[in-house]
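The chain contents come next:
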Amino acid sequence: MGIAFRFAARSDVGRVRSKNDDSGYAGHYLAVVADGMGGNVGGDVASATTVLDLTPLDHNNYEGSAGVYLADEIQTANIIMNELVDLNPSLSGMGTTCTALLVDGEKIELAHIGDSRAYRLRNNVFEQITTDHTFVQRLLEEGRITPEQALTHPHKNVIMRVLGDVDASPELELLTLDAECGEKWVLSSDGLDAVVSVEEIEELMRSTEDLKHIVDSLVDLTLDRGAPDNVTVVALSVIEEDSLSSTVTSPQPIIPLRQYSDEGEFLGVVKNPHTLDEDAPIESVSSEQEEAKQDHSSHRAPWRRRLPVETKIRNALTHGKWRGESFSDGVFNMMTETSGVDERPENIEDSSAAVLREELAERPHQLVGAAANATNTGMIPTVTKRTVAQRATLVTTPTMLVPVEEVELPQEFQAAITTPEPSVRSRWGVRIFTALLVAGTLFASVLTFVSWVSNQYYVGINNEKVAVFNGVPQSLGAIHFYKVVEETSLEVAELPEYSQSLVRSTISAHDLSDATRIVSDLRQQVDSAHEKKDQQKPSASATPVPELTSVSPSPSASEEATRG
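Keep in mind that this is a model prediction, so the values were computed, not measured.

Draft legend 1. Examining unusual backbone geometry more closely. In this model, N463 sits at a positive phi of 55°, which is unusual for a non-glycine residue. Its location among the elements puts N463 in the loop between strand 16 (457-462) and strand 17 (465-476). For N463, a relative accessible area of 60% translates into the label exposed. For T506, which is not glycine, the phi dihedral falls at a positive 75°. Within the fold, T506 resides in the loop between helix 17 (497-504) and strand 19 (507-509).

Draft legend 2. Representation of the environment of N123 within the structure. Inspection of the secondary structure puts N123 in the loop between strand 7 (117-122) and strand 8 (125-128). Taking the C-alpha atoms as reference points, N123 and K184, separated by 61 residues in sequence, lie 9.9 Å from one another. There is a polar contact of 3.1 Å between the side chain of N123 and the side chain of E180.

Draft legend 3. Representation of the sheet that holds strand 17 in the model. Strand order in the open sheet formed by 4 strands is 18-17-16-19, and the pairing between neighbours is antiparallel. Both outer strands of the open sheet, strand 18 (479-491) and strand 19, are each paired with one neighbouring strand and no more. Taking the axes of each pair of neighbouring strands and ignoring which way they run, one obtains an average angle of 40° across the sheet. Across 3 bridges, strand 16 lies against strand 19 in antiparallel orientation. Bridge pairing links Y457 to A509 in strand 19.

Draft legend 4. Expanded view of the side chain of N230. Topologically, N230 is positioned in the loop between helix 7 (211-224) and strand 12 (231-240). Residue class for N230 comes out buried when judged on its relative accessible area of 1%. A distance of 3.2 Å separates a polar atom in the side chain of N230 from the backbone oxygen of K19. Within the local environment of N230, its side chain forms a polar contact with the backbone nitrogen of D21, the two atoms lying 2.8 Å apart. Excluding residues that lie within four positions of it along the chain, N230 makes contacts with D12, V13, R17, K19, N20, D21, D22, S189 and G191.

Draft legend 5. Geometry of helix 6 (residues 198-207). Considered for burial, the residues of helix 6 that qualify are I201, L204 and M205. Relative to the axis of helix 6, the buried residues are bounded by an arc of 100° and lie together on one face. Turned more than 90 degrees off the buried face of helix 6, the exposed positions are E199, E203 and S207. Where the residues of helix 6 are buried, they touch strand 7, strand 8, strand 11 (184-188), helix 5 (190-193) and helix 7.

Draft legend 6. Broad picture of the layout of surface pockets. The volume enclosed by the second largest pocket comes to roughly 1100 Å³. As for the second largest pocket, its lining consists of 35 residues, and the residues nearest its centre are D115, K156, N157, D190 and D193. Elements with a contribution of two residues or more to the lining of the second largest pocket: strand 3 (30-37), helix 1 (39-54), helix 3 (135-141), helix 4 (147-151) and helix 5. Classifying every residue of the lining of the second largest pocket gives 12 nonpolar, 11 polar and 12 charged.

Draft legend 7. Examining helix 18 (residues 512-536) more closely. The terminal C-alpha atoms of helix 18, which comprises 25 residues, lie 37 Å apart, in line with the 36 Å expected from a rise of 1.5 Å per residue. Every buried residue of helix 18 is listed here: D514, A515, I518, V519, D521, L522, Q525 and V526.

Draft legend 8. Region of interest: the environment of T55. Inspection of the secondary structure assignment puts T55 in the loop between helix 1 and helix 2 (66-87). Residue classification places T55 among the buried positions, given a relative accessible area of 0%. Residues T55 and E359, 304 residues apart in the sequence, show an inter-C-alpha distance of 9.9 Å. A polar contact is formed between the side chain of T55 and the backbone oxygen of L52, at a distance of 2.7 Å.

Draft legend 9. Structural detail: the pairing of strand 2 (residues 22-27). Of all 6 residues in strand 2, 6 are buried, a share of seventy percent or more. Covered by surrounding structure in strand 2 are D22, G24 and A26 together with S23, Y25 and G27, the residues of both alternating faces. Hairpin connection, strand 2 to strand 3: the antiparallel pair is bridged by 2 residues. As defined by bridge partners, strand 2 adjoins strand 15 (residues 365-369) across 5 bridges and the pair is classed as antiparallel. Note on strand 15: the bridge partner recorded for S23 is G369.

About the cut-offs
Residues numbered from 1 in each chain as written. Predicted model: local features only at pLDDT ≥ 70, side-chain atom pairs only at ≥ 80, totals over all residues. Heavy atoms only, no water. Helix = DSSP H or I, 4+ residues; strand = E, 2+ residues; numbered from the N terminus. Buried < 20%, exposed > 50% of the residue type's maximum accessible area, 1.4 Å probe, protein only. Polar contact = N/O pair within 3.5 Å; in protein donor to acceptor, adjacent residues only side chain to side chain. Pairing = 2+ DSSP bridges. Axes fitted to C-alpha atoms, helices over the stretch in contact; angles between N-to-C directions. Contact = heavy atoms within 4.5 Å. Arc of directions from axis to C-beta. 1 Å grid on protein atoms, 1.4 Å probe; cavity = no way out; pocket = protein on both sides within 12 Å on 5 of 7 lines; lining within 4 Å. Points joined across faces, edges and corners; volume = space filled by probe spheres on them. Nonpolar A, V, L, I, M, F, W, Y, C, P; charged D, E, K, R; others polar. Expected span 1.5 Å × (residues − 1).

Geometric values such as these leave the question of function open.
Okay, here's the thing in C-alpha cells:
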C-alpha cells in the first residue's frame, strides 16, 4: 500500500520586504520550501529555480530509491543557478535554502539544506525533523552557548550551507523516514519561526485537521506580529494513496520532454523517457506525437539554451538515456528570460514560462511565492500590491496655491510685531550660552563615541590574512576608527568561499576573547578542509576509469541517509 499527501500552501511577502524571495510547492507526492537570498536581484531567482526544477518529481513508482532522484535534481538546480550567474554576474552571491519531502512507496525521502524547517506530528509526538545549518546551531551543538543565548546571538542569521554559486557541490542532509497515515507535517521558511514560537506551531498542528486553516493561521499570525521577513508555509497530511481519485492515482506521466532539432524545430513529445527502449532513435515520433507535432508546427526554439553536457550525462546515468529537451532546460530558459539575460518572445505563449505552466497543469498542486510569480507572469522580481500601497503613501502631493484676500490684523498682533527687539547685549548672552551648550554636547558625544569604539572588536582581513581588529571598520578621510590587534597566520584564500565572503565583510565580536574564538572556528574550517582533501587523494598507482553502467549516491549523501 502506497501513501500520498493532502496539502495546502501559502506564501506572503511580509510587512517589511519589497519582494518575495520565498518559493513553495505542494503536491500529492512532493512538497518543497525554498528561502532565497542574495539581495535585490538574486533571492527570488534562486528559490524559484530550485522549486520549479524539483516539480517533475511529483509522481509515484520510482525505479530504485526516490531519494537518489531527489538529491540529483537538487544538484541540477544548483548547476542551473551557477549557469545563470555565469550569464548574468549581477546575480553573483545568490543562494537559497531547500527543504523537500518526496513520497517513495510507504516511506518519505527528505532532503534539506539551510535554515528552513520541517516539523512532524505523529502518534501525539511533535518534533523538528531538520537541523538548522547555521553558525549558531553549530555553537549550540558544541555546547558553547545555551538555547536562550541562541535566540539573541548577533550571528543567528549566518547560514553555513546553502544552494547557489557559493558552493558547486553543496552538502545535503538526506533522510529516509518511515511514514504513517495520519501524521502531519509543516514545512516553513525562517520568516515563520522568527516571530512564531515552536510551541505555537505545535499547538496549532494539534488543534485541527484542516490544513488550509493551519497555513492561513500561521501566516496571519506572522503578519500580525510585524512579519519582518517573507513567510512561506506548506502543511501536509499523510493519507493512503488509494483514497485519492482515480485521475490522480492512475499512472502519472513524468512531465513530458519536448524534442527539438538542432535548428529549433519541434519534433515531438516523449511521455515517459524512463520506460522507452534504449535503442530507439531519439528522433522517432509516435502517432500521438505526430498530432502534437502538427499542433506545434509553428513552434520553433532557436533561442533555447541547454545545460552543460556533463549535467546531461549525469541525468542520463540516474534517469535513463538522454532524450531531447529536459524540464531542467525549460527552467533554465525561463530563468534567463525572467532575470533579463534573454529577451522574452513577443508572443507570450512561446515563452518558457508558458511551456512550464502547461506542463505543471498536468497534476494537482499548489505553487506559491517567487516560483508562482515567475510561471504566472514570466517576470521576477515582482513588487506586491501591498508594497505599491506602502510606496504610494510616500508620494508628496503637490501644494495647491489658493488666492487669499488681504485683511487687517487685530491690534494685539500688530502690537506684538511692533514691539522693540531685545538689546544687542542680551542677544549676545543668549548666543554665548547656546554655543557653550552645543560645544558641551558635542564634546560629550565625542567622548561617548570614542569610548564605544574602543570596546568594539571584529575579525577582518589585513595583508590577505585573517586579523583581529579593535574599533569599527570605518574611516573619515585619513582618520581610521580601527587598529589591528593581531594579524594571524591564517591565509584568507585557504578559507571556504562562503567564510571568505563573511570575513571580507567583517565579522563582529562581543569582545577580544569572542574575536579570538571566531578566528579559532575559522582555523578549524581550514583544518577540516585539509583533512578532507587528504582523505580524498587517490593513490599514486590509481588510474581513473569512467564508469557509466551504475550509479551510487555521493559519500556524504550515503552517510546522511545512514544517520537518518
